[in-house]
Amino acid sequence: MLPIAAILIFAGLSSGPALAKSKVQDQTLRLACIGAFGDREHFDWVPRMGLDNALATCRSAIAQFPDDAEVQFYNAVARDQFAESGGTQDDNLYATEVYRRLATSGLPVAQYALGTMFDEAAGVGTEESLGYMIDARAGVFGASIRCEALRTFGLADLDGNGPSYDIVAAEGMAHGNYVCAGHLANMFWNGYVSASDLPLPLGDYVRYAAVHGDPAAMTLLGLFYTFGTGSTEIDALLQGQYTARQDLERAGYWLLLAYWGTKSAWSQNNYDTFWGGDALNSVTTVEALQTALKALGRYDGAVDGVYGADLYQAIQAFGSADVDALFQTVRAKEKYAAGLGEREPLHIGTTAVD
């Protein structure tokens, strides 16, 4: 293969503009990797572009910028998340090694990430994690990381005082931060928050998080529209905690987005249990998916609540190339309490940098 300079000479071109363009493209790749998991105030372990895209993007970025600390960190985050859904323990060990090295060099977010590895059998103990996680809970590493730390202390006994979820702090952080709203809604769904703890209906937090790409919130919103207000079919924890008329087409749109998004957010076991064991065994949920796919021109079978091969193929064919266009359409129609926060520009399923 000819050197790049020789190719440019043979083509009769000046090297300046071409190399400048190459540098711009390289920087775009770098920014796509370090932005895959959000900015400092909106860091989320779930990449809005999808985990496959994040892995591929950061793999390419690390090849171009092997000495860039931020690229190293976010490539490790992608490997860390891959360990939960298809990867191996080697991915956890790789991530831990990178986190520890960058934490030692003083990268704050790496200190937090190292603190989260206490339950991964990767050489990080609870005692080592505690200091970093206390800092995270105090907001040292940014707003959304504080919310994640609040949730971690609610789920795990890190300090020997038993699991304790600071609902007041978590709810306060949900105002102005959609990642925090998603964590709060998720804790409600899992029984750690009750309706009396929240000044707003659950549906407001869910919508705020869903229109900003939170996969679990998109799942909940899809269920809201699948069953409608007052339904006794939805989980007992959620009954009466939202307002939504039954709308199978709208429900199906959100469920399609959730089906794609939760692949990056949930472990394979949880993903299979929910979709294969619960959602796709519900006649009403299947009807919602059939209705949405038919409206999109992607399914021509009956809307009969039967999860057959034709529906399976239509759902599988709906991938990252489709999700952002649908997301932009449906997110614009959702309303939530204005005090929670602005509807910020955001894309899912794409590696593009705005």
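Everything in this summary refers to the structure shown in the same document. (Residues numbered from 1 in each chain as written. Predicted model: local features only at pLDDT ≥ 70, side-chain atom pairs only at ≥ 80, totals over all residues. Heavy atoms only, no water.)

1. Side note on the nonpolar core
At step 1: One finds Phe224, Trp254, Leu257 and Trp275 to be the most contacted residues of the largest nonpolar core, which totals 70 residues.
At step 2: With residues near it in sequence (within four places) discarded, Leu257 still touches Met218, Val323, Leu326, Phe327, Val330 and Ile348.
At step 3: Of all hydrophobic cores here, the second largest spans 42 residues; its members include Phe37, Val71, Tyr74 and Ala76. (Core = buried A, V, L, I, M, F, W, Y, C linked by side-chain atoms within 4.5 Å. Buried < 20%, exposed > 50% of the residue type's maximum accessible area, 1.4 Å probe, protein only. Contact = heavy atoms within 4.5 Å.)

2. Points about helix H10 (residues 178-189)
At step 1: Look at H10: 16 Å from first C-alpha to last across twelve residues, which is about the 16 Å you get at 1.5 Å a residue.
At step 2: Of all the twelve residues making up H10, twelve are buried; the element is thus mostly covered by neighbouring parts of the structure.
At step 3: Tyr178, Val179, Cys180, Ala181, Gly182, His183, Leu184, Ala185, Asn186, Met187, Phe188 and Trp189 are the residues of H10 that are buried.
At step 4: Along its buried surface, H10 packs onto helix H8 (143-155), helix H9 (167-174), helix H11 (202-210), helix H12 (215-227) and helix H14 (268-278).
At step 5: The opening residue of H10, the one whose side-chain oxygen lies 3.1 Å from the backbone nitrogen of Val179, is Asn177.
At step 6: At the exit of H10 stands Gly191, carrying a positive phi of roughly 90°. (Helix = DSSP H or I, 4+ residues; strand = E, 2+ residues; numbered from the N terminus. Expected span 1.5 Å × (residues − 1). Polar contact = N/O pair within 3.5 Å; in protein donor to acceptor, adjacent residues only side chain to side chain.)

3. So, helix H7 (residues 126-137)
At step 1: In a regular helix each residue adds 1.5 Å, so twelve residues correspond to 16 Å; H7 covers 15 Å between its end C-alpha atoms and thus fits that length.
At step 2: When H7 is considered as a whole, its buried residues turn out to be Ser129, Met133 and Ala136. Looking down the long axis of H7, one finds its buried residues gathered within 45° of arc, a one-sided arrangement.
At step 3: Buried residues along H7 sit in contact with helix H6 (108-115) and H8.
At step 4: Taken from the residues just after H7, Gly139 is the one with a positive phi, measuring 95°. (Arc of directions from axis to C-beta.)

4. Brief notes about the side chain of Arg48
At step 1: Examined against the element boundaries, Arg48 turns out to sit in the loop between helix H2 (15-34) and helix H3 (51-64).
At step 2: A polar side-chain atom of Arg48 sits 3.4 Å from the main-chain carbonyl oxygen of Gly213.
At step 3: Not counting residues within four places of it along the chain, the set of residues in contact with Arg48 comprises Ala36, Tyr178, Val179, His212, Gly213, Asp214, Trp260, Leu346, His347, Ile348 and Gly349.

5. Here we look at the packing of H3 against helix H4 (residues 69-84)
At step 1: Across the interface, H3 lies against H4 with an axial gap of 9 Å and an inter-helix angle of 145°. Here H3 and H4 pass one another in a crossing that is left-handed. Note on element contacts: H4 touches H3 through Val71, Gln72, Tyr74, Asn75, Ala78, Arg79, Gln81 and Phe82, opposite Leu51, Ala54, Leu55, Cys58, Arg59, Ala61 and Ile62.
At step 2: When its residues are assigned to classes, the contact of H3 with H4 shows ten nonpolar, three polar and two charged. (Axes fitted to C-alpha atoms, helices over the stretch in contact; angles between N-to-C directions. Left-handed = near helix turned anticlockwise from the far one by under 90°. Nonpolar A, V, L, I, M, F, W, Y, C, P; charged D, E, K, R; others polar.)

6. What about the state of the cysteines?
Among covalent bonds in proteins, the disulfide is the one between the sulfur atoms of two cysteines.
At step 1: Inspection of the entire model under this criterion finds two disulfides.
At step 2: Two residues share a disulfide in this structure: Cys33 and Cys58, whose sulfurs sit 2.2 Å from each other. Between Cys33 and Cys58, the S-S dihedral sits near 105°, and the bridge is therefore right-handed. Remark: Cys58 occurs in helix H3 and Cys33 occurs in helix H2; sequence separation between them is 25 residues. (Disulfide = S-S within 2.5 Å.)

7. So, unusual backbone geometry
At step 1: Residues other than glycine seldom take positive phi values, yet Ala121 does so here, at roughly 50°.
At step 2: Mapped onto the elements, Ala121 comes out in the loop between H6 and H7.
At step 3: Judged by its relative accessible area of 71%, Ala121 falls in the exposed class.

8. Regarding the environment of Asp272
At step 1: Turning to its location among the elements, Asp272 is positioned in helix H14.
At step 2: Each C-alpha atom of the pair Asp272 and Arg207 lies 24 Å from the other, and the pair is 65 residues apart in sequence.

9. Brief notes about the packing of aromatic side chains
At step 1: In the structure shown here, the tally under the stated rule is 19 aromatic pairs.
At step 2: For the pair Trp45 and Tyr112, a centre-to-centre distance of 6.0 Å together with 40° between the ring planes defines the contact as tilted. Here Tyr112 lies in helix H6 and Trp45 lies in the loop between H2 and H3, a separation of 67 residues in the sequence.
At step 3: Residue classification places Tyr112 among the buried positions, given a relative accessible area of 0%.
At step 4: Summarising the aromatic geometry, the rings of Trp266 and Phe274 are spaced 5.4 Å apart at their centres and angled 80° between planes, so their arrangement reads as edge-to-face.
At step 5: These aromatic residues form a ring-pair network of at least three members: Trp189, Tyr259, Trp266, Tyr271, Phe274 and Trp275.
At step 6: We note Arg79 situated over the ring of Tyr94; from NZ or CZ to the ring centre the distance is 4.2 Å.
At step 7: The positively charged end of Arg137 is found above the aromatic ring belonging to Phe153, 4.0 Å away from the centroid. (Phe/Tyr/Trp six-rings, centres within 6.5 Å; stacked < 30°, edge-to-face > 60°. Lys NZ or Arg CZ within 6 Å of the ring centre and 35° of its normal.)

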